[in-house]
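Summary of structural features
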Amino acid sequence: MAQDLGAGAADRARYLERAIELAVSNVLEGGGPFGAVVVMPDGSVFEGMNRVTRDHDPTAHAEVVAIRRAAAATQDFDLHGAVLYTSCEPCPLCLAAALWARISAVFFAADRYDAEAAGFDDAVFYEYLAGTDRSLMPVARASVDRRVAPFEAWNAFEGRIEY
């Protein structure tokens, strides 16, 4: 049974409400105000809550946690056909994770401006990625002779799994 990416408004609202419940619950347990739900094409559901401060992991955003759980449970890094529902608009990290996981659609409740009003301002990251301000963190290529050695090893390895 394939997941309908244009899920009905009732299903969409149900999953978004669940993401919001996870976010509120996480706050009450000392975590960040973000929750996420990944719904697989077969209807399997995987949840995540922001665990950044609880796990001392800056990448443990709710969306990333839910994606990690879905990938681990399905034993597949390709989550094509899955839909991500999240309590707030995905930040650049979460959006990139969803893209790498091949999530087919994302629906969110609050937006980045709602998050900003609560003290979570990702604007500088959006500006950085847009190339409008590189002062946040310089990134530069350093010249090294063996820079392509990992790619040569990859291309020579017959057991590689393309992704």
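Residues numbered from 1 in each chain as written. Predicted model: local features only at pLDDT ≥ 70, side-chain atom pairs only at ≥ 80, totals over all residues. Heavy atoms only, no water.

**Looking at the side chain of S87**
The residue S87 is located in strand β3 (residues 83–88) in this model. On the basis of relative accessibility, which here comes to 7%, the residue S87 falls in the buried class. When sequence neighbours within four positions are dropped, the list of residues in contact with S87 reads A19, I20, A23, P33, F34, G35, A109 and A110. (Helix = DSSP H or I, 4+ residues; strand = E, 2+ residues; numbered from the N terminus. Buried < 20%, exposed > 50% of the residue type's maximum accessible area, 1.4 Å probe, protein only. Contact = heavy atoms within 4.5 Å.)

**Things to note about unusual backbone geometry**
Its identity is not glycine, yet H56 carries a phi of approximately 55°, on the positive side. Mapped onto the elements of the fold, H56 is located in the loop between α2 (52–55) and α3 (62–74). For R102, which is not glycine, the phi torsion reads 65° and is therefore positive. By the secondary structure assignment, R102 is in the loop between α4 (92–100) and β4 (105–110).

**Things to note about the packing of α3 against α4**
Orientation of α3 relative to α4, taken along the N-to-C sense of each, is 20°, at an axis distance of 8 Å. By the criterion of interaxial angle, the relationship of α3 to α4 is roughly parallel. Judged by the sense of rotation from one axis to the other, the crossing of α3 with α4 is left-handed. Here E63, V64 and I67 of α3 lie close against α4, whose contacting residues are L93, C94, A97 and A98. (Axes fitted to C-alpha atoms, helices over the stretch in contact; angles between N-to-C directions. Parallel < 35°, antiparallel > 145°, perpendicular 65-115°, else oblique. Left-handed = near helix turned anticlockwise from the far one by under 90°.)

**With respect to the UniProt feature "domain: CMP/dCMP-type deaminase" (unreviewed entry) in the chain**
Per the UniProt record, "domain: CMP/dCMP-type deaminase" (unreviewed entry) is found at residues 10–121. Regarding residues 10–121, the helix share stands at 46% and the strand share at 20%, and the terminal C-alpha atoms are separated by 30 Å. (UniProt positions renumbered as here; feature names shortened; annotations may be inferred.)

**Section: the sheet that holds strand β2 (residues 45–49)**
What the 4 strands build is an open sheet, ordered β2-β1-β3-β4; its pairing is mixed. A single partner strand is all that each edge strand has here, and the edge strands are β2 and β4. Strand-to-strand twist in this sheet, taken as the mean axis angle between neighbours without regard to direction, amounts to 15°. Examined bridge by bridge, strand β1 (residues 35–39) and β2 share 5 bridges and lie antiparallel to one another. (Pairing = 2+ DSSP bridges.)

**Topic: the environment of E47**
Mapped onto the elements of the fold, E47 is located in strand β2. With 25 residues separating them along the chain, E47 and L22 place their C-alpha atoms 8.1 Å apart. Excluding residues that lie within four positions of it along the chain, E47 makes contacts with R18, L22, A36, V37, A66 and R69. Within the structure, the side chain of E47 is placed 2.7 Å from the side chain of R18, a separation counted as a polar contact. (Polar contact = N/O pair within 3.5 Å; in protein donor to acceptor, adjacent residues only side chain to side chain.)

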